[in-house]
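Chain by chain, the residues run as shown.
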Amino acid sequence: MLLIKNGRVLDPVSKTDATLDVLLDGEKIKEVGPAGRVASPQGTEVFDARGMVVAPGFIDLHVHLREPGQESSETIETGTQAAARGGFTAVCCMPNTKPVNDNASVTRFILDRAKVGGSVRVWPIGAASVGSKGEAIAEIAAMKEAGIVAVSDDGKPIATAKLARQVMDYCRSLELPVIEHSEDVSLAGGAVMREGVTSTRLGLRGMPAAAESVCVARDVQLAELTGARLHVAHLSAKASLEQVRWAKSRGLRVSCEVTPHHFTLIDEDVQYDSKFKMNPPLAAREDREALLAGLADGTVDAIATDHAPHEAALKDVEFDRAPFGILGFETALGLALEQLVQSGRLSLMRMVELFTTGPARVLGIERKIAAGQPADLTIFGLNHTWTYHVKESPSKSRNSPFDGRNFKGGPMATIVGGRIVYKQ
Amino acid sequence: MSHNFRDLLALEPLTADELGFLLDQSKPFQEIQKHPLKKLATLRGKTVALAFFETSTRTRISFGTAASRLGADSMNLQAEASSLKKGETLLDTVFNLNAMKPDCLVMRHAASGATDYVARHLDIPVVNAGDGTHEHPSQGLLDALTIRDRLGTIKNLNVTILGDILHSRVARSNIHLLGKFGCKFTLCGPAMWVPRELEKIAPGTPIRCVYRIEEALEGADVIIMLRVQTERLDDPPLSANDYVLLYQLNAERLRRASMNAIVLHPGPMNRGIEITPEVADGPQSCVLEQVTNGVAVRMAILYLLISGATETDAHPALEVKPKESANASD
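Residues numbered from 1 in each chain as written. Chains lettered and ligands numbered in written order. Predicted model: local features only at pLDDT ≥ 70, side-chain atom pairs only at ≥ 80, totals over all residues.

Peer 1: Lay out the overall build of chain B with the relevant residues and their values.
Peer 2: Counting its regular elements, chain B contains 13 helices and 9 strands. For 330 residues, the compact-globule formula gives about 20 Å, and the C-alpha radius of gyration of chain B, at 20 Å, lands near that figure. Based on the C-alpha atoms only, the size of chain B along its principal axes is roughly 55 × 55 × 35 Å. When contacts within chain B are restricted to residue pairs at least 6 apart in sequence, long-range pairs at least 24 apart make up 76% of them. (Helix = DSSP H or I, 4+ residues; strand = E, 2+ residues; numbered from the N terminus. Rg over C-alpha atoms; globule rule 2.2 N^0.38 Å. Contact = placed C-beta atoms within 7 Å.)

Peer 1: Account for the sheet that holds strand S7 (residues 207-210) of chain B, with residues named and values stated.
Peer 2: Residue and element names in this part refer to chain B. As summarised here, the arrangement of the 5 strands in space is S7-S6-S5-S8-S9, forming an open sheet in which the pairing is parallel. The open sheet is flanked by S7 and strand S9 (262-264), the only strands paired with a single partner. When the angles between neighbouring strand axes are averaged without regard to direction, this sheet yields 20°. Helix H6 (residues 169-178) contacts strand S5 (158-162), strand S6 (184-188), S7 and strand S8 (222-225) of the sheet and is inclined by roughly 170° relative to S5. (Pairing = 2+ DSSP bridges. Axes fitted to C-alpha atoms, helices over the stretch in contact; angles between N-to-C directions.)

Peer 1: Could you give me a rundown of unusual backbone geometry, with the residues and numbers involved?
Peer 2: Cis geometry is found at the peptide bond from Lys98 of chain A to Pro99 of chain A, where omega equals 5°. Note that Pro99 of chain A resides in the loop between strand S7 (88-93) and helix H2 (104-117). Along the chain, Gly267 of chain B connects to Pro268 of chain B via a cis peptide bond; the corresponding omega equals -10°. Within the secondary structure, Pro268 of chain B sits in the loop between S9 and helix H11 (277-280). One non-glycine residue with positive phi stands out, namely Arg66 of chain A, at about 65°. If you trace the backbone, Arg66 of chain A turns up in the loop between strand S6 (58-63) and helix H1 (76-85). In this structure Arg66 of chain A comes out as buried when scored by C-beta crowding, with 28 C-beta atoms within 10 Å. Even without being glycine, Glu175 of chain A reaches a positive phi, approximately 55°. Tracing the backbone through its elements, the reader meets Glu175 of chain A in the loop between helix H4 (161-174) and strand S10 (178-180). (Buried ≥ 20, exposed ≤ 12 C-beta atoms within 10 Å, placed from the backbone.)

Peer 1: How would you summarise helix H10 (residues 285-297) of chain A if you had to cite specific residues and measurements?
Peer 2: All names here are of chain A. Helix length check: H10, at 13 residues, gives a terminal C-alpha distance of 19 Å against a target of 18 Å (1.5 Å per residue), a fit within 8%. Along H10, the residues that are buried comprise Asp287, Arg288, Ala290, Leu291, Leu292, Gly294 and Leu295. Packing partners of the buried residues in H10 comprise helix H8 (238-249), strand S14 (254-258), helix H9 (260-264), helix H12 (329-341) and helix H13 (348-355). Positive backbone phi, approximately 100°, marks Gly298, located one or two places after H10. (Expected span 1.5 Å × (residues − 1).)

Peer 1: Give a description of the nonpolar core that names residues and reports values.
Peer 2: Residues and elements named next belong to chain A. Val22 and Val151 are the most contacted members of the largest nonpolar core, which totals 113 residues. Here this core gets 7 residues from one element, more than from any other, and that element is H12. Taken together, domain 1 (2-53 + 373-423) and domain 2 (57-362) each give at least three residues to this core, which thus spans both. Excluding its chain neighbours within four sequence positions, the residues that come into contact with Val22 are Ile4, Val9, Ile29, Val32, Val54, Ile369 and Leu377. (Core = buried A, V, L, I, M, F, W, Y, C linked by C-beta atoms within 7 Å. Domains from an automatic or database assignment.)

Peer 1: I'd like a rundown of the domain arrangement of chain B, residues and numbers included.
Peer 2: All names here are of chain B. Each assigned domain of chain B is listed with its residue range as follows: domain 1 (16-135 + 290-327) and domain 2 (137-288). Tallying the contact residues gives 22 residues for domain 1 and 22 residues for domain 2. Elements represented by at least two residues in the side of domain 1 that touches domain 2 include exactly helix H1 (16-32), strand S4 (126-131) and helix H12 (287-307). Considering every element that reaches the side of domain 1 that touches domain 2, the biggest residue donor is H12, with 8 residues. Per-class residue counts for the side of domain 1 that touches domain 2 are 8 nonpolar, 10 polar and 4 charged. (Nonpolar A, V, L, I, M, F, W, Y, C, P; charged D, E, K, R; others polar.)

Peer 1: Lay out the packing of helix H7 (residues 210-226) of chain A against H8 of chain A with the relevant residues and their values.
Peer 2: Residues and elements named next belong to chain A. Contact geometry of H7 with H8 gives a least axis separation of 8 Å together with a crossing angle of 15°. If you check the angle between H7 and H8, you find them roughly parallel. Handedness of the crossing formed by H7 with H8: right-handed. Two secondary-structure elements touch here, H7 through Ala210, Glu212, Ser213, Val216, Ala217, Val220 and Ala223 and H8 through Ala239, Ser240, Gln243, Val244, Trp246 and Ala247. Its residues assigned to classes, the contact of H7 with H8 shows 9 nonpolar, 3 polar and 1 charged. (Parallel < 35°, antiparallel > 145°, perpendicular 65-115°, else oblique. Left-handed = near helix turned anticlockwise from the far one by under 90°.)

Peer 1: Which residues make up the interface of chain A and chain B, and what values go with them?
Peer 2: Taken residue by residue, the interface counts 14 residues in chain A and 19 residues in chain B. The residue makeup of the side of chain A that touches chain B, split by class, is 6 nonpolar, 3 polar and 5 charged.

Peer 1: Before we move on, could you go through the pairing of S5 of chain B and cite the residues and values that matter?
Peer 2: All names here are of chain B. The buried fraction of S5 is high, at 4 of 5 residues. Pairing of S5 with S6, which is carried by 5 bridges, proceeds in the parallel orientation. Among the inter-strand pairings, Thr160 is bridged to a residue of S6, identified as Thr186. Regarding the hand of the β-α-β motif, the stretch spanning S5, H6 and S6 is right-handed. With 4 bridges joining them, S5 and S8 adopt parallel strand pairing. Directly across from Leu162, in S8, lies its bridge partner Met225. (Right-handed = clockwise from strand over helix to strand, strands pointing away.)

Peer 1: Kindly report on the sheet that holds strand S3 (residues 104-109) of chain B, identifying the contributing residues and their values.
Peer 2: Residue and element names in this part refer to chain B. The parallel open sheet is built from 4 strands, whose spatial order is S2-S1-S3-S4. Two strands close off the open sheet at either side, each with one partner strand: strand S2 (73-78) and S4. Each strand axis lies, on average, 15° off the axis of its neighbour in the sheet, ignoring direction. Bridge count for S3 against S4 is 4 bridges, and the pairing is parallel. Looking across to S4, one finds that Val106 is bridged to Val127. In this fold H12 packs onto strand S1 (47-52), S3 and S4, with an angle of close to 130° to the strand it touches most, S3.

Peer 1: I'd like a description of the domain arrangement of chain A, backed by residues and values.
Peer 2: Accessible area lost upon the coming together of the parts serves often as the stated size of an interface. All names here are of chain A. As assigned here, chain A comprises domain 1 (2-53 + 373-423) and domain 2 (57-362). A straight line from the C-alpha centre of domain 1 to that of domain 2 covers 25 Å. Contacts between the two partners involve 28 residues from domain 1 and, on the opposite side, 42 residues from domain 2. Counting residues per element, the ones that place at least two in the side of domain 1 that touches domain 2 are strand S16 (377-387), strand S17 (406-416) and strand S18 (419-423). Examining the composition of the side of domain 1 that touches domain 2, we find that 7 residues originate from one element, S17, more than from any other. Class assignment for the residues of the side of domain 1 that touches domain 2 results in 14 nonpolar, 9 polar and 5 charged.

So this is what it looks like as structure tokens:
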């Protein structure tokens, strides 16, 4: 057993914010009670969380672990180690591996690898279409039986409105969320950053914000048509957020996530450095403002990292040729504390919700600190200062724009299934 | 003043003083172009690496000629002959060139920012000979030199740029240089090539985008034509006939500009598309002076970056000609 004592327990479901002890017994939480009042048997391991926040385990809805197929950039083992260091207890891995996770045997392979070498829970997302090619529907039911938690053709949108409609119809019957990388590919074609004054000044090809929002508009209307659960991945544009707001106002089952880099950085930060190249690209100043407002007012359901490792040989090239994507796990909480909480925009409780109960709801599960619940906890500090050095990361890749950044507050311990998988 | 730029990657970050210094340093080299014997010994024993990862004729020959007239040797790498097609990265190719110990790298590349990227990894001076759709600093300088020769000044002029501004590295360098001397810009061309964002790329410089050539030419002192890249006419599909109808510079339209207005074109020209032969060959056209000045500007760039000379150093071109006659053509 493991006793987490004297921590400031924050639970968005019950709105708890109190100093409590939490006793874990293997996979489950056994008891939650006032500090010093929870009895534990002889030999119980004790973690003193005095001065720290004890939250439900963080869930990352959007990550790339690169296994199978691109193990030189990341593996399930190294990726989940980095996730644990970032405070995440469960990560949902996108299917754009090689081969694509579009059938049950790949799903089982991922889960087997996670069982052997994973530091945190790995919840695979299956491809919506075979090979994510946008032609035939993948074997979604078989993958669901094997353990996928959602479907997505991430890296690109489901290719046509017709196929997206069919996938949504099908997934509604299977009770699986459809996660959309919303992008009008023809409008975005060949672009390497967001279109605007900065792209024009730098002479880099830009994609307009509309490349995202016209596809979100398509998708939310298909969600209305089908009644499916639609989750918009890495939403970056103000106009897209308006579409999600519209959908929610109509009572549709539509949710969305925002990444730490989109609520922290903007297109003006791009300086021909491929560590600032990702898709969707860093947006305009006013988009960032809108995302911050959406995170505060509840339009945004989750913070997701879009952790996208690329080995140096791939990323250290001309900006035009570099692949999209940056590391995300280890800086997510530090950035959220800095940009959302320390800035006074969000309460600490709301931030915790965005990492925990928010993403859980997207997946249709519950996540709270109460007896009988999974013994997954994220423990973090609010006041210690630290510096992120990407060279110390367990990730196999180094593509972070936040290398060398100083933070106030961050992960102290990550507990999965009653076991401490990371301790600062 | 002394210069403290190690590389010449873009004109945007340079001050008016630094730009003026580069132009002043080019002046004596212009005189050299009129000599029967044009070769100096200033950079004897030095080597200039010319790495052109994108096809170029005149810029490559111009830099090569500049190096040779300074007495330097050059090594040439052209994309067709390079190992890039064999999968080598840009950085590896450049490191290999650098291992042959050149004193300066002159580089052209199709990707914007590629020269910035390379310069971060090299300890020899890097000269941007055109990076994607970002900047073409030596072209910006030679255009300014040409304007100053013809009009006597580069200050407070009305400059009109015609054509595909969005994809033009020349236009950006023109704006960042002339804008620092108080010039006002009018950009004109088909709307998809002249986005409104261009009005904000150089804070402090008045830039307006207009879509009627007649309006754009009204009162212009300098007209800078850009080549209509035929590959751009395909994406998006745009009719060449439409382009001629709306944006071709012909003699009649040119009359809307100032009496003494001059016409520049970085070449190569598509006669009969963006410009009529009558204008291209007319008295207001400066296209061949631009080419001559290109050699002088590139000599100044190579001389300053390789020798590290400052204003207090005697200019090498003045050693071969008395000062009075060097100034005679001012």
